[in-house]
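Read off the chains here:
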Amino acid sequence: MDHHALARRSAREVLKDHLDLAKSWDFETDLERNFDPDIVLMTTYGIFRGVEGLRQKVRLLQEQLPGGVWTYHNIMVERHLGFLEWSGVGENGARVEDGADSYLIEEGKIRAMTIHYTVLMDRPPET
């Protein structure tokens, strides 16, 4: 897909592509197609800026939930804003039950994000 076709995608199309690629851990394709090079990502673990910041955050998530498998519970898109509620389980037994991401999507790219999640280890899920 060329640059102009990517830029014409709706926020819903960008978010769907990002989430599909995240499930398969195809981060480099996701980075190239869906993220603005100057993205700002604000998280529980700090602020990450640009392409290298995103790579750093993905490495952190891989350490926290290696081989993570994601479940998407609620996906909403309104104009240029996206919201995701998610959970995940890693090969190390770690899990996330309270994942929440927000997205600012413009001209076919994610320009800003927030991510909140808590990594849980060695205790059963709360009911």
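Quantities reported herein were computed from a predicted structural model and do not represent experimental measurements. (Residues numbered from 1 in each chain as written. Predicted model: local features only at pLDDT ≥ 70, side-chain atom pairs only at ≥ 80, totals over all residues. Heavy atoms only, no water.)

## Let's talk about the overall build of the chain
Filter applied, for reference: Strands here are runs of E lasting at least two residues and helices are runs of H or I lasting at least four, both read from the DSSP assignment and numbered beginning at the N terminus. Between the two quantities, the radius of gyration covers C-alpha atoms and the globule rule is 2.2 Å times the number of residues to the power 0.38.
Along the backbone of the chain there are four helices and seven strands. When the helices and strands of the chain are listed from N to C terminus, the series reads α-α-α-β-β-α-β-β-β-β-β. What you see for the chain is a C-alpha radius of gyration of 14 Å, in line with the 14 Å of a compact globule of 127 residues. Seen through its C-alpha atoms, the chain measures out along the principal axes to roughly 50 × 30 × 25 Å.

## A short note on the side chain of R9
Note the following rule: Exposure classes here rest on a 1.4 Å probe applied to the protein chains alone. A residue is buried below 20% of its type maximum, exposed above 50%, and partly exposed in between. Polar contacts, as used here, are pairs of N or O atoms within 3.5 Å; protein pairs need one atom able to donate a hydrogen and one able to accept it. Residues neighboring in sequence count only if both atoms are side-chain atoms.
Structurally, R9 can be placed in the loop between α1 (3–7) and α2 (11–23). On the basis of relative accessible area, R9 is assigned to the buried category, the value being 12%. At 3.4 Å, the side chain of R9 and the side chain of D17 are in polar contact. A polar contact of 2.8 Å, which involves the side chain of R9, links it to the backbone oxygen of R33.

## Looking at the confidence of the model for the chain
Our working rule: Each residue carries a pLDDT score, the predictor's own confidence in it, on a scale running from 0 to 100.
Chain-level statistics for the chain give a pLDDT mean of 93 and a share of 94% at 70 or above. When mean pLDDT is taken per element in the chain, strand β6 (residues 109–116) scores highest with 98 and α1 scores lowest with 80.

## Digging into the nonpolar core
The cut-off we apply is this: For our purposes a nonpolar core is just a set of buried Ala, Val, Leu, Ile, Met, Phe, Trp, Tyr and Cys residues, chained together by side-chain atoms within 4.5 Å. By the convention used here, residues are in contact when the closest approach between their heavy atoms is within 4.5 Å.
With 26 residues, the main nonpolar core has F35, L54, W86, Y103, I105, I110 and M113 as its most contacted residues. Put simply, the parts of the chain that give this core at least two residues each are α2, α3 (27–34), β1 (35–43), α4 (50–64), β3 (69–78), β4 (81–89), β5 (95–106) and β6. Examining the composition of this core, we find that four residues originate from one element, α2, more than from any other. Setting aside chain neighbours within four positions, we find Y103 in contact with L15, H18, L19, H80, L81, G82, F83, L84, I110, A112 and M113.

## Examining empty space enclosed by the protein
Gaps left between atoms show up when a probe the size of a water molecule is rolled over them. Keep this limit in mind: Think of a 1 Å grid over just the protein atoms. A cavity is a set of points where a 1.4 Å probe fits yet cannot get out, a pocket is an open set with protein on both sides within 12 Å along at least five of seven lines, and lining residues have an atom within 4 Å of a point. Grid points are joined across faces, edges and corners, and a volume is the space filled by probe spheres set on the points.
Within the structure shown, the criterion is met by one cavity of 30 Å³ or more. Of the volumes computed, that of the largest cavity is approximately 410 Å³. Along the wall of the largest cavity there are 23 residues; nearest its centre are H18, A22, V58, L61 and I115. Those elements that provide at least two residues to the lining of the largest cavity are α2, α3, β1, α4, β3, β4, β5 and β6.

## Here's the deal with a nonpolar patch on the surface
Rules: Patch membership requires over 30% relative accessible area and the absence of a salt bridge. Like charges are linked within 9 Å, and nonpolar side chains (Val, Leu, Ile, Met, Phe, Trp, Tyr) within 5 Å. Surface accessibility in these figures is a Shrake-Rupley result with a 1.4 Å probe; residues are shielded only by whichever protein chains are displayed. A side-chain nitrogen of Lys or Arg and a carboxyl oxygen of Asp or Glu constitute a salt bridge if their distance falls within 4 Å.
Together, V40, M42 and I47 give the surface a local cluster of nonpolar side chains, amounting to about 240 Å² of exposed area. The topology assignment puts V40 in strand β1.

## Observations concerning the packing of aromatic side chains
To be explicit about the condition: Planes of paired rings set the category: under 30 degrees apart is stacked, over 60 is edge-to-face and the rest tilted, where pairs are Phe, Tyr or Trp rings (Trp by its six-membered ring) whose centres lie within 6.5 Å.
Applying the stated criterion to the full structure yields four aromatic pairs. Ring geometry for W86 versus Y117: centroids 5.5 Å apart, planes at 55°, classification tilted. Highlighted residues: W86 in strand β4 and Y117 in the loop between β6 and β7 (119–120), separated in sequence by 31 residues. For Y117, a relative accessible area of 2% gives the class buried. Through a chain of ring-to-ring contacts, the aromatic side chains of W25, Y45, W70, W86 and Y117 assemble into a single cluster.

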